[in-house]
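Structural overview
Each chain, letter by letter, is given below.
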Amino acid sequence: MFTNILSDQKNYFATGATLPIKSRISALKRLYHTIKTHETEICNALQQDLKKSECESYMCEIGLIYAEIRYMIKHVKKFAKQKKVRTPLAQFPAKSFSLPSPYGCVLVMSPWNYPFLLTIEPLVDAVAAGNCVIVKPSAYAPATSEIVKKLLISTFPAKFITVVTGGREENDALLDLPFDKIFFTGSIAVGKEVMRRAAERLIPVTLELGGKSPCIVDETANIPLAARRIVFGKFLNCGQTCVAPDYILVHRSIESTFLQSLKTEIQRQFGAAPLKNQSYGKIINLKHFNRLSHLLDREKLYCGGETDIQNLQIAPTVLRNINFSDPIMQEEIFGPILPVIAYDDFKSEMQAINKRNKPLALYLFSSDKKKIKEATTLCAFGGGCINDTIIHLATSEMAFGGIGESGMGAYHGKAGFDCFTHYKSIVNKSTKIDLPMRYQPYTKKYKKMIRKFLI
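A tally of helices and strands in the protein chain yields 15 helices and 20 strands. Summarising its shape, the C-alpha atoms of the protein chain cover approximately 85 × 55 × 40 Å along the three principal directions. A burial count over the protein chain gives 53% of its 455 residues as buried. For the protein chain, the share of sequence-separated contacts (at least 6 apart) that also reach a separation of at least 24 residues comes to 72%. Split by element, the accessible area of the protein chain, about 21200 Å² in all, is 54% carbon and sulfur. Within the protein chain, the 41 negative side-chain charges are centred at a point lying 14 Å from the centre of the 60 positive side-chain charges.

Structure, rendered in structure tokens:
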């Protein structure tokens, strides 16, 4: 279905047009200008798909893209330089270097929860690395998909960057093509299918997935501040954030105080009637609304729980007296429902976390340096925060990615450049001298020299 598009991109890449640093910077500047020009339209699309406010759209999507583009424009020249490395004495005389080279033609498949950010940011990194790109936005966010298509098609020729919209049929057709790299953000189930299809052609993949990210609040935490930051991170985008705290582990001695602080903070941030708050988002579609509604255990409701099926909204909700056998703990919630589980022993909880699937994020609210060190060094997770939530992904200075079931590979900043780059290892050997000891016949003298040089 899309064979001709990929063929045109491969032919264009073969000309070397994407390789010059000036061309990459020029493309990034054009993209920046296009986004600036259409910022209002982008915000309107995000409002239509997810009911995001203008402030949230800028803070969590558009502004982060501006930052990534500026970072790449500033650093891409340095990133793309070949790097000299030490040459072993046995290879004398020669020079050795590592040469960054783009993969070629890459596929970026993005999700619906941050449909602009998670489409354009990997695109920025791929362009900075010198690739051609086919972008496939999510069908679940149709308004944003259309504005992405409008912006990219009007800014770049299809042989360099293009957009394919549609649903499952289009995804299947794209995964049949011989891309040089696939970058996927989305659910674990679909990520497995992407990896399976890529494996058939030995295509390298980066998978940004999700999972049940724990948030631990110990007895030394600043409880009001912890509640405030957790409420922000959990209920941002109506809970539809891959790094949102999925559940809370709170020390039993502070459970009641912490729950009250959560309730107070929800009311402070969203008002007494959150479903009437014009800045509070909505669930992406009826399918996900119904899934979340079934997870809402009324018998364990602490606060919230109001729903509006017509507007696909669920109020910020806290559940208490939860245990790991409950239905809500069997899958990633990906919505505005927050289970709270009391614990007694910190070390036991760290061991339990390590026995479960590796989460995309881990958060710890504590002032105990020993516990902080234990959690950050002994637990396996993609990334996280101490005494805050989700902000670790909002910088181009650190890599963002999962581990194990939460994904593989990373991007943002230098890691994003590396994600779409193959590093060629090259030895440039002199023709002026040719040491004979490596050639047969291996005399006694040469054997001694080989042993000496290779020690």
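Okay, the layout of surface pockets next. Considering only enclosed or pocket space, the largest pocket measures out at about 1500 Å³ in volume. Residue lining of the largest pocket: 49 residues in total, with Gly186, Ser187, Ile188, Ala189 and Val190 positioned closest to the centre. Taken together, the elements giving at least two residues each to the lining of the largest pocket come down to helix H7 (168–175), strand E6 (181–185), helix H8 (188–200) and helix H11 (286–295). It is H8 that contributes the most residues to the lining of the largest pocket, 6 residues altogether.

The mixed open sheet is built from 7 strands, whose spatial order is E10-E13-E14-E9-E8-E15-E16. In this open sheet, the two strands that pair with only one neighbour each are strand E10 (301–303) and strand E16 (383–386). Here the average twist between neighbouring strands, direction ignored, is 25°. Alignment of E10 against strand E13 (residues 317–319), held across 2 bridges, turns out to be antiparallel. Across the sheet, Cys303 pairs through a bridge with Val318, a residue of E13.

Moving on: the packing of aromatic side chains. For any pair of aromatic rings, geometry is given as the distance between the ring centres together with the angle between the planes. Here the structure, examined in full by the defined rule, presents 13 aromatic pairs. Taking 6.2 Å as the distance between ring centres and 50° as the angle between the ring planes, the aromatic pair formed by Tyr12 and Phe160 counts as tilted. Taken together, the residues span a long stretch of sequence, with Tyr12 in helix H1 (residues 3–14) and Phe160 in the loop between helix H6 (142–155) and strand E5 (161–163) at a distance of 148 residues. Judged by its relative accessible area of 8%, Phe160 is buried. Relative to Tyr411, the ring of Phe400 lies with its centre 6.3 Å away and its plane at 65°, an arrangement referred to as edge-to-face. Taken together, the residues span a long stretch of sequence, with Phe400 in strand E17 (residues 400–401) and Tyr411 in strand E19 (residues 410–411) at a distance of 11 residues. Accessibility expressed as a relative area gives 1% for Tyr411, which makes it buried. For the cation-ring pair, Lys263 lies above Tyr302, with the distance from its terminal atom to the ring centre recorded as 6.0 Å. The aromatic ring of Phe324 is capped on one face by Arg356, whose charged end is 3.7 Å from the ring centroid.

What follows concerns a nonpolar patch on the surface. A surface patch of nonpolar side chains, about 290 Å² in accessible area, is lined by Leu89, Phe92 and Ile433. Structurally, Phe92 can be placed in the loop between strand E1 (83–85) and strand E2 (94–102). Exposure remark for Phe92: the relative accessible area of 44% places this residue in the partly exposed category.

A separate point is the packing of helix H2 (residues 21–37) against helix H4 (residues 54–79). Contact pair H2 / H4: the axes reach a minimum separation of 10 Å and the direction vectors enclose 160°. By the angle class used here, H2 and H4 are roughly antiparallel. Crossing hand, H2 versus H4: left-handed. Contact residues: Ile21, Arg24, Ile25, Leu28, Lys29, Leu31, Tyr32, Ile35 and Lys36 in H2; Ile62, Ile65, Tyr66, Ile69, Arg70, Met72, Ile73, Val76 and Lys77 in H4. The residue makeup of the contact of H2 with H4, split by class, is 13 nonpolar, no polar and 5 charged.

So, about empty space enclosed by the protein. Empty pockets left among the atoms are what a rolling probe the size of a water molecule brings to light. Inspection of every chain in the model, using the stated rule, returns 2 cavities of 30 Å³ or more. Roughly 50 Å³ of internal volume is contained in the largest cavity. If you trace the largest cavity, you find it lined by Gly211, Ser213, Lys234, Gly239, Thr241, Cys242, Ala244, Pro245, Asp246, Glu332 and Phe334. Taken together, the residues of the lining of the largest cavity sort by class into 4 nonpolar, 4 polar and 3 charged. Of the pockets and cavities examined, the second largest cavity occupies roughly 30 Å³. Taken together, Leu118, Thr185, Glu208, Leu209, Cys242, Leu360, Phe400 and Tyr411 make up the full set of residues lining the second largest cavity. For the lining of the second largest cavity, the per-class residue count stands at 6 nonpolar, 1 polar and 1 charged.

Enumeration over the complete set of coordinates arrives at 18 salt bridges. The partner of Arg291 in a salt bridge is Glu331, and the shortest N-O contact between them spans 3.1 Å. Highlighted residues: Arg291 in helix H11 and Glu331 in the loop between E13 and strand E14 (337–343), separated in sequence by 40 residues. Of the residues examined, Glu331 reaches a relative accessible area of 32% and is grouped as partly exposed. Close ionic contact of Asp418 with Lys414 constitutes a salt bridge, the shortest N to O distance being 2.9 Å. With Asp418 and Lys414 both in helix H14 (residues 413–419) and 4 residues apart, the pair spans about one turn of that helix. Residue Asp418 is classed as partly exposed on the basis of its relative accessible area of 27%. Note on Lys414: relative accessible area 32%, which makes it partly exposed. Counted as one network, the salt bridges with shared partners bring together Asp172, Asp176, Glu193, Arg196, Arg197 and Glu200.

For sheets, the rule is that strands pair by backbone hydrogen bonds, running either parallel or antiparallel. Taken together, 6 strands build an open sheet; the order of strands is E5-E4-E3-E6-E7-E18 and the sheet is mixed. A single partner strand is all that each edge strand has here, and the edge strands are E5 and strand E18 (407–408). When strand E4 (residues 132–136) meets E5, the two strands line up parallel, connected through 3 bridges. Directly across from Val133, in E5, lies its bridge partner Ile161. Against the sheet, H1 makes contact with strand E3 (105–109), E4 and E5, and its axis sits at roughly 155° relative to E4, the strand it touches most.

What counts and what doesn't
- Residues take numbers from 1 onward in each chain, read along the sequence in its written order.
- Restriction of local features to residues with pLDDT of at least 70 applies here, the model being predicted, together with a cutoff of 80 or more for giving and counting side-chain atom pairs; totals for whole chains, interfaces and linings are based on all residues.
- Think of the side-chain values as coming from all heavy atoms in the structure, minus any hydrogens and water.
- Helical segments are the DSSP runs of H or I of at least four residues, strand segments are the runs of E of at least two, and each set is numbered from the N terminus.
- Buried, partly exposed and exposed residues are distinguished by accessible area as a fraction of the type maximum, computed with a 1.4 Å probe on protein chains only: under 20%, between the cut-offs, and over 50%, respectively.
- Two residues form a contact once any of their heavy atoms are found within 4.5 Å.
- The protein chains shown are the only cover counted for residues, whose accessible areas, like all others here, come from Shrake-Rupley with a 1.4 Å probe.
- Residues scored as charged are limited to Lys and Arg (positive) and Asp and Glu (negative), so that His and the chain ends carry no count.
- The atoms used to mark charge sites are NZ of Lys, CZ of Arg, CG of Asp and CD of Glu.
- In this analysis, the protein atoms alone were mapped onto a 1 Å grid. Cavities are point sets where a 1.4 Å probe fits without being able to get out; pockets are open sets with protein on both sides within 12 Å along at least five of seven lines; lining residues have an atom within 4 Å of a point.
- Grid points are joined across faces, edges and corners, and a volume is the space filled by probe spheres set on the points.
- Strands are labelled as partners when DSSP assigns at least two bridges between them.
- To define axes, lines are fitted to C-alpha atoms, for helices over the stretch in contact only, and angles between the resulting N-to-C directions are given on a 0 to 180 degree scale.
- The pairing test for Phe, Tyr and Trp rings, Trp by its six-membered ring, is centres within 6.5 Å, and the orientation test on the planes gives stacked under 30 degrees, edge-to-face over 60, and tilted for anything in between.
- Only when the NZ atom of a Lys or the CZ atom of an Arg is both within 6 Å of the ring centre and within 35 degrees of the ring normal do we say a charge sits over the ring.
- The patches reported here contain residues having more than 30% relative accessible area and no salt bridge. Joining distances are 9 Å for like charges and 5 Å for nonpolar side chains (Val, Leu, Ile, Met, Phe, Trp, Tyr).
- Each reported salt bridge corresponds to a side-chain nitrogen of Lys or Arg within 4 Å of a carboxyl oxygen of Asp or Glu.
- Angular relationships are summarised with four words: roughly parallel below 35 degrees, roughly antiparallel beyond 145, roughly perpendicular across 65 to 115, and oblique for the angles in between.
- Less than a right angle of anticlockwise turn of the near helix away from the far helix marks a crossing as left-handed, whereas a clockwise turn marks it as right-handed.
- Following the grouping adopted for this structure description, the nonpolar residues are Ala, Val, Leu, Ile, Met, Phe, Trp, Tyr, Cys and Pro, the charged ones are Asp, Glu, Lys and Arg, and the polar ones are all others, Gly among them.

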